[in-house]
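# Structural overview
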Amino acid sequence: LSRVGSGINTFQLNADTGAALTVTGAQGADLTVNIGNGSTDTTTNLAHQLTVTDASTGLTDVANIVNNAGNVAANGAFGSQNIVSDGYETVNITTTGFGAATTQVIGTIGVTGDTGATATTVNFSGSNNVSTGAITATVVNASGLTGTTGTVFTASLAAATNASVTGSAGND
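Residues numbered from 1 in each chain as written. Predicted model: local features only at pLDDT ≥ 70, side-chain atom pairs only at ≥ 80, totals over all residues. Heavy atoms only, no water.

On to the sheet that holds strand S14 (residues 164-166). Two modes of strand pairing occur in sheets, parallel and antiparallel, and in both the strands are linked by backbone hydrogen bonds. Taken in spatial order, the seven strands line up as S1-S3-S5-S7-S10-S12-S14 in an open sheet, and their pairing is parallel. Of all the strands in the sheet, just strand S1 (10-13) and S14 have a single pairing partner and so form its edges. Taking the axes of each pair of neighbouring strands and ignoring which way they run, one obtains an average angle of 15° across the sheet. Examined bridge by bridge, strand S10 (residues 121-126) and strand S12 (residues 139-145) share five bridges and lie parallel to one another. (Pairing = 2+ DSSP bridges. Helix = DSSP H or I, 4+ residues; strand = E, 2+ residues; numbered from the N terminus. Axes fitted to C-alpha atoms, helices over the stretch in contact; angles between N-to-C directions.)

Shown next as structure tokens:
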């Protein structure tokens, strides 16, 4: 999908695209990408890298990536795939889906803001635990995760790219 039209700010992923997916959001609008189509969806998960890119040069753009799937197998709705943000300075990842709690496994997460951005942020929220590969962002915030069993948040973090890291209230 090369561009979400003006006034459209939500993209619904209901099936694997068969290749890496790039969603370019409308200029001046935040973007939401829902993975899955609701409580009866037990098959949709990312099977390839997801890239979100914006069509503007604003410095406060937000991309929301939401688990909207039912009971998806082993690695959850994110399927161990990488997430790349180009131009969105904040990426919010919501882990809560439908059905039994499943650890959401995400590959690497890379956030690059538009020219002039002084910070990039990845926020996690939801009731499902999260395990990620390396995260490239100046701020990583997992305080919105509400899981209570097991390891709630696991990530590869490097001081060189993560100036601020906030864990969840659970075991990280």
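Text resumes after the structure shown.
Looking now at the packing of aromatic side chains. The full count for this structure, using the stated rule, is one aromatic pair. With centroids separated by 5.1 Å and ring planes inclined at 55°, the aromatic side chains of Phe 124 and Phe 153 adopt a geometry described as tilted. Taken together, the residues Phe 124 in strand S10 and Phe 153 in strand S13 (residues 153-156) connect sequence positions 29 residues apart. Just as Phe 124 is buried, Phe 153 falls in that class too. (Phe/Tyr/Trp six-rings, centres within 6.5 Å; stacked < 30°, edge-to-face > 60°. Buried < 20%, exposed > 50% of the residue type's maximum accessible area, 1.4 Å probe, protein only.)

For strand S4 (residues 50-54), the buried fraction is high: five of the five residues fall into the buried class. Of the two faces of S4, both are covered, the one formed by Leu 50, Val 52 and Asp 54 as well as the one formed by Thr 51 and Thr 53. Two strands pair when backbone bridges link them, and strand S2 (residues 21-25) and S4 are joined in this way by five bridges, in the parallel orientation. Each residue of the ladder has a partner; that of Gly 25, found in S4, is Asp 54. Relative to strand S6 (residues 83-86), S4 runs parallel, the two being bridged by four bridges. In the strand pairing of S6, Thr 51 is matched with Val 84.

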